[in-house]
Amino acid sequence: MKIDYEVVIIGAGAAGLFCALNCAVLGKKVLVVDHANKVGKKILMSGGGRCNFTNLYTTPDDFSSKNPHFCKSALKQYTPYDFLTLIDKHQIEYVEKSPGQLFCKNSSKDVLKMLLDECAQSGVKIYKKCNIGHITNNNNKYIIDTSIAKFETESLVIATGGLSIPTLGATGLGYEIAQQFGHDLEETRASLVPFMFEEKLLNKTKHLSGVSIKASISHNANTSIVITDDILFTHRGLSGPAVLKISEYWVKGDSIKINLLPEIDVVTYLNKEKQKHPDLLVSSSLAKHMPKKLAQFICGESEGSIKNKLLNKNKIEEINRRIADWNIYPSDTEGYKTAEVTMGGVSTQNISSKTMESSLVKGLYFIGEVLDVTGQLGGYNFQWAWSSAWCAAQSIIKIKN
Ligand code: FDA
């Protein structure tokens, strides 16, 4: 026996739930299926538990895709302010951290609750722990074989996200479905992801695990890319927003250059310290602008334990080089295990940028991260989930049953 729904959405993440509520609010009979035991797991984990749910200054330039124009229409059709209207309707308190980046004031749970409340009010059916089997298409009807039942629909929406964080439910199912129906894939890789160090470097930096500082990171292969934000030493290498942001451009073998004190001219500063505080340890002078452990690491044993009055031109230049010109070759990224997003995915080539519908097969839609559209760090990926889901929903609700 097949159970008929007007819309079946695979994936109960940000994009899937948002598409569901927008279809159901206008009367469509909607089913969302997900193999995970809980829905919206990434929403709950996001933004350090406070979900950076949008960025008010979102522009197409904040996204990477083989077709940089693809995201334009959807971002225009459904903007960050549209999503904010829904947030306000649910009286969710939020804060703007850095310009435009909106986070829940209390918890990511607020955003998930809002989506689930809206889904419940409009009668969306959600099945968790539902494993997806074979999908067939006969005369524009999709039959989805699952561990719960066989479902039949005219509008099948793929919202299965990318490969990042398998423990949160990520699989490549969306890519498999895309290929089954003739769509190409763009090569995928982990992005917005921490770096790992090889053993020798890690042995030197491991004790700094937990130390954080605002730094500038530039990409040696493309010197126009310079990111200034916090970095965080970890027991595996480096993380923090600046590192996640630069990981978008990094490929294995590339080196990066870190300036640990981008706002200070170290040579001038140390010369002044030598005059003003000749008996102070060099590491103590540096520790006025960075965590003590890091200052000691920079100085090493010898310079760290010497007094400022013993600094000469060569030593000052050497310390400056270590602070402002620290070149490292990360051995790798931490990969999909911890990456916030997946670059690449379903090629946008045969997808309508206005509706997210396949141009190869009628009634098949791809939304959210499964597509080859990846936002930078800062709320852009959720905005893409909302915008792409909304466009698909607008197209689906026009279908007369
Ligand atoms: P998403 O991955 O959210 O949902 C996909 C759903 O499909 C999941 O529920 C999954 O279980 C289901 N699924 C997968 N395979 C399946 C299968 N085989 N069968 C059935 N169901 C299947 N972005 C941002 O803008 N601001 C932020 O603060 C953060 N923070 C953040 C933190 C962390 C730790 C991560 C990992 C990611 C972020 N992101 C983010 C990125 C953001 O979470 C991400 O881009 C969106 O959740 C993507 O939404 P989707 O709905 O497309 O996929």
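Notes on the structure follow. (Residues numbered from 1 in each chain as written. Predicted model: local features only at pLDDT ≥ 70, side-chain atom pairs only at ≥ 80, totals over all residues. Heavy atoms only, no water.)

What about the overall build of the protein chain?
Then, number 1: The helix and strand inventory of the protein chain stands at 13 helices and 23 strands.
Then, number 2: Reported as C-alpha extents along the three principal axes, the dimensions of the protein chain are approximately 85 × 40 × 35 Å.
Then, number 3: Residues counted as buried form 53% of the 401 residues belonging to the protein chain.
Then, number 4: Long-range contacts, defined here as pairs at least 24 residues apart, represent 72% of the contacts in the protein chain between residues at least 6 apart.
Then, number 5: Carbon and sulfur atoms provide 50% of the accessible area of the protein chain, an area that totals close to 17,900 Å².
Then, number 6: Each charge class in the protein chain was averaged separately, 46 positive and 40 negative side chains, and the resulting centres sit 4 Å apart. (Helix = DSSP H or I, 4+ residues; strand = E, 2+ residues; numbered from the N terminus. Buried < 20%, exposed > 50% of the residue type's maximum accessible area, 1.4 Å probe, protein only. Contact = heavy atoms within 4.5 Å. Areas by Shrake-Rupley, 256 points an atom, 1.4 Å probe, with all protein chains shown as cover. Lys, Arg positive; Asp, Glu negative; His and termini not counted. Charge placed at Lys NZ, Arg CZ, Asp CG, Glu CD.)

Thoughts on helix H9 (residues 266–276)
Every α-helix carries 3.6 residues per turn, so stepping three or four residues along brings you back to the same face.
Then, number 1: Considered for burial, the residues of H9 that qualify are Val266, Tyr269, Leu270 and Glu273. Seen along its axis, H9 keeps its buried residues to an arc of 95°; they face one direction.
Then, number 2: Those residues of H9 that are buried lie in contact with helix H10 (282–286) and helix H12 (313–324).
Then, number 3: The backbone nitrogen of Val267 has a side-chain oxygen 3.2 Å away, supplied by the residue at the start of H9, namely Asp265. (Arc of directions from axis to C-beta. Polar contact = N/O pair within 3.5 Å; in protein donor to acceptor, adjacent residues only side chain to side chain.)

Here we look at the packing of aromatic side chains
Then, number 1: One pass over the full model with this rule turns up 17 aromatic pairs.
Then, number 2: Taken together, Phe18, Phe53, Tyr78, Phe83, Tyr94, Phe382, Trp386 and Trp390 form an aromatic cluster joined through their ring pairs.
Then, number 3: Of note, Lys29 hangs over the ring of Tyr5, and the distance from its end group to the ring centre comes to 4.7 Å.
Then, number 4: One Lys or Arg, Lys97, reaches over the ring of Phe103 and ends 4.5 Å from the middle of that ring. (Phe/Tyr/Trp six-rings, centres within 6.5 Å; stacked < 30°, edge-to-face > 60°. Lys NZ or Arg CZ within 6 Å of the ring centre and 35° of its normal.)

Let's talk about the site of the ligand
Then, number 1: As a matter of local geometry, the ligand sits amid 29 residues, with Ala15, Asp34, Thr171, Glu369 and Phe382 nearest to it.
Then, number 2: Contacts to the ligand include Lys42, whose side-chain N or O atom sits 3.4 Å from an oxygen atom.
Then, number 3: At a separation of 2.9 Å, a nitrogen atom of the ligand approaches a polar backbone atom of Asn52.
Then, number 4: In isolation the ligand offers 1,000 Å² of accessible surface; the protein chains occlude 93% of this area.
Then, number 5: Contributions of two or more residues to the shell around the ligand are made by helix H1 (14–24), helix H2 (41–49) and helix H13 (380–397). (Near = heavy atom within 4 Å.)

Some remarks on the sheet that holds strand S11 (residues 150–153)
Two orientations exist for strands paired in a sheet by backbone hydrogen bonds: parallel and antiparallel.
Then, number 1: Pairing within the open sheet is mixed, and its four strands lie in the order S1-S11-S10-S9. Edge positions in the sheet fall to strand S1 (2–4) and strand S9 (132–138), since each of these pairs with one other strand and no more. Pairs of neighbouring strands in the sheet enclose a mean axial angle of 25°, with direction left out of account.
Then, number 2: Where strand S10 (residues 141–146) lies against S11, four bridges are found, and the strand directions are antiparallel. Along S11, the bridge assignment pairs Asp145 with Lys150. (Pairing = 2+ DSSP bridges. Axes fitted to C-alpha atoms, helices over the stretch in contact; angles between N-to-C directions.)

Points about the packing of H1 against H13
Then, number 1: Closest axis-to-axis distance for the H1/H13 pair is 8 Å, and the angle between their directions is 35°. Crossing of H1 against H13: the hand is right-handed. In this structure, H1 contributes Ala14, Ala15, Phe18, Cys19, Asn22 and Cys23 to the contact, and H13 contributes Phe382, Ala385, Trp386, Ala389, Trp390, Ala392, Ala393, Ile396 and Ile397. (Left-handed = near helix turned anticlockwise from the far one by under 90°.)

A look at the nonpolar core
Then, number 1: Of all hydrophobic cores here, the largest spans 79 residues; its most connected members are Leu371 and Trp384.
Then, number 2: Among the elements that make up this core, the one with the highest residue count is H13 (ten residues).
Then, number 3: In this structure, Leu371 is in contact with Phe70, Gly344, Gly345, Val346, Ile351, Met356, Phe366 and Trp384, ignoring residues within four places of it in sequence.
Then, number 4: Ile213, Ala242, Leu311 and Ile316 belong to the second-largest nonpolar core, a separate cluster that totals 39 residues. (Core = buried A, V, L, I, M, F, W, Y, C linked by side-chain atoms within 4.5 Å.)

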